[in-house]
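Below, each chain spelled out in residue letters.
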Amino acid sequence: MENRDYSIRQEQVARFAKAMAHQARIAILQFLARRDSCYFGDINEELPIAKATVSQHLKELKDAGLIQGEVEAPKVRYCINRDNWQLAGELFATLFSSCVCKEERCCE
């Protein structure tokens, strides 16, 4: 197997895409994007899944840098990481705009 080095941008897109690769995480991101911030309980009430599962999804999004959380004992407050949110938007826009095919069906 060939060893290939990927660019930093390719690694960033992949990290963001992996973190967003679940419908619950998309729902969390959409929920947080409509607010300045909110607490775990607010997110948990929004989703039809167990608290432990919400926590796992929040961890994935936080590890990828798409959200951030602050402990305000005894609660945790979450919000979108605005810098990485903007970066992800730019990276995905660049990816999706890079197609040179101008026709409806390129592969025929």
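Quantities reported herein were computed from a predicted structural model and do not represent experimental measurements.

Moving on, we come to the overall build of the protein chain. A tally of regular secondary structure across the protein chain gives 5 helices and 3 strands. Each helix (α) and strand (β) of the protein chain, taken in turn from the N terminus, gives the series α-α-β-α-α-β-β-α. By the compact-globule yardstick of 13 Å for 108 residues, the protein chain is too spread out, its C-alpha radius of gyration being 17 Å. Expressed along its principal axes, the backbone C-alpha trace of the protein chain runs to roughly 55 × 35 × 25 Å. Looking at the protein chain as a whole, 28% of its 108 residues are labelled buried. Across the protein chain, the fraction of contacts at a sequence separation of at least 24, relative to all contacts at a separation of at least 6, is 53%.

This part is about the nonpolar core. A general trend in soluble globular proteins is that nonpolar side chains are found buried together. Counting residues in hydrophobic clusters, the biggest one holds 22 residues, and the most contacted among them are Leu-32, Ile-43 and Ile-67. Counting residues per element, the ones that place at least two in this core are α1 (8–19), α2 (23–33), α4 (51–63), β3 (75–80) and α5 (82–97). Beyond its immediate chain neighbours, meaning those up to four positions away, Leu-32 contacts Cys-38, Ile-43, Ile-67, Tyr-78, Cys-79 and Ile-80.

Time to look at the sheet that holds strand β2 (residues 67–72). Pairing is antiparallel in the open sheet, where 3 strands are placed in the order β1-β3-β2. Strands at the two margins of the open sheet, each flanked by one partner only, are β1 (38–39) and β2. Of the strands in this sheet, β1, β2 and β3 touch α2, which is tilted by about 85° from β3.

This part covers the packing of α2 against α4. Two elements in contact, α2 and α4, have axes whose closest approach is 10 Å; the angle formed by their N-to-C orientations is 70°. What the angle tells us is that α2 and α4 run roughly perpendicular. Where α2 approaches α4, its residues Ala-24, Arg-25, Ile-28 and Leu-29 are matched on the opposing element by His-57, Leu-58, Glu-60 and Leu-61. Tallied by class, residues from the contact of α2 with α4 come to 5 nonpolar, 1 polar and 2 charged.

Each value, and the rule that gives it
- Residues numbered from 1 in each chain as written.
- Predicted model: local features only at pLDDT ≥ 70, side-chain atom pairs only at ≥ 80, totals over all residues.
- Heavy atoms only, no water.
- Helix = DSSP H or I, 4+ residues; strand = E, 2+ residues; numbered from the N terminus.
- Rg over C-alpha atoms; globule rule 2.2 N^0.38 Å.
- Buried < 20%, exposed > 50% of the residue type's maximum accessible area, 1.4 Å probe, protein only.
- Contact = heavy atoms within 4.5 Å.
- Core = buried A, V, L, I, M, F, W, Y, C linked by side-chain atoms within 4.5 Å.
- Pairing = 2+ DSSP bridges.
- Axes fitted to C-alpha atoms, helices over the stretch in contact; angles between N-to-C directions.
- Parallel < 35°, antiparallel > 145°, perpendicular 65-115°, else oblique.
- Nonpolar A, V, L, I, M, F, W, Y, C, P; charged D, E, K, R; others polar.

As far as function goes, none of this settles anything; it's purely spatial.
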